[in-house]
Amino acid sequence: MFSMLRLKCPRCGEGGLYEKIFTMRKTCPVCGLVYEREEGYFTGAMVVGNMISGIIIAPLTLFLFANGASIMQILLTLSIVGLFLLPLVFWYARALWLYVDFIFNPE
Ligand SMILES: [Zn+2]
């Protein structure tokens, strides 16, 4: 669990999942686990990313709306939050997808 939060390999917990901000490694540099098991493997991670975004954005929008923010204020706030959220959602959606798959299909 903590290795997922640290964006580390689901098998050894040591090798990093990403080599650059939006570039995922093909394999774990420590244990050699193949991260992208087949073409299009991370397509499902997009669904996970949308769910994570919705869980964060929807309550924030409702909170702003309930406190009398204008549409422009809401859009501006969501744009700024979205900019910071983008890399986090990208990293953790793929990591969560990889970890869940590793639990059910270790090799
Ligand atoms: Zn590893």
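Here, every reference points to the structure presented above.
What counts as what
All residue numbers refer to positions counted from 1 along the written sequence of the respective chain. Per-residue local features of the predicted model are confined to residues with pLDDT of at least 70, and side-chain atom pairs are confined, for both listing and counting, to 80 or more; whole-chain, interface and lining totals are unaffected and use all residues. With hydrogens and water excluded, all non-hydrogen atoms of the structure serve as input to the side-chain values. A patch is a set of surface residues, each over 30% in relative accessible area and not in a salt bridge, joined within 9 Å for like charges and within 5 Å for the nonpolar side chains Val, Leu, Ile, Met, Phe, Trp and Tyr. For accessible areas, the Shrake-Rupley method is used with a probe of radius 1.4 Å. Any residue's cover is judged against the shown protein chains and nothing else. Each reported salt bridge corresponds to a side-chain nitrogen of Lys or Arg within 4 Å of a carboxyl oxygen of Asp or Glu. Here a helix means four or more residues in a row that DSSP labels H or I, a strand means two or more in a row labelled E, and each is numbered from the N terminus. The rule for donors is simple: an N, O or S atom within 2.8 Å of the metal counts, and for Na, K and Ca the reach is 3.2 Å. Water is not among the atoms, so a site may look short of donors. Irregular is the default label, applied whenever a site is not tetrahedral (four donors, all angles between 85 and 135 degrees) and neither square planar nor octahedral (four or six donors, opposite donors over 155 degrees apart, all other angles between 65 and 115). Between buried and exposed lies partly exposed: a residue is buried under 20% and exposed over 50% of the maximum accessible area for its type, with that area taken using a 1.4 Å probe on protein chains only. The contact criterion used is simple: two residues touch if any of their non-hydrogen atoms lie within 4.5 Å.

Caption draft 1: Fine view of a nonpolar patch on the surface. There is a patch of nonpolar side chains on the surface, built from Leu76, Ile80, Leu83 and Phe84 and spanning about 480 Å² of accessible area. In this fold, isoleucine 80 is placed in helix α3 (residues 71–104).

Caption draft 2: Structural detail: the coordination of the zinc ion. For the zinc ion, every protein donor is listed as Cys9 (SG), Cys12 (SG), Cys28 (SG) and Cys31 (SG), and the spread of their distances is 2.2 to 2.4 Å. Around the zinc ion sit 4 donor atoms, and with donor-metal-donor angles ranging over 105 to 118° the site reads as tetrahedral. Ordering the donors of the zinc ion by residue number gives the pattern C-x2-C-x15-C-x2-C. Classification of cysteine 9 by relative accessible area gives buried; the value is 0%.

Caption draft 3: Structural detail: the environment of aspartate 101. Along the chain, aspartate 101 turns up in helix α3. Between the alpha carbons of aspartate 101 and tyrosine 41 there is a distance of 10 Å; along the sequence they are 60 residues apart. Among residues more than four places away in sequence, those in contact with aspartate 101 are Arg37, Tyr41 and Pro106.

Caption draft 4: Fine view of the environment of leucine 88. Looking at the element boundaries, leucine 88 is found in helix α3. Along the backbone, leucine 88 and aspartate 101 are 13 residues apart, and their C-alpha atoms lie at a distance of 20 Å.

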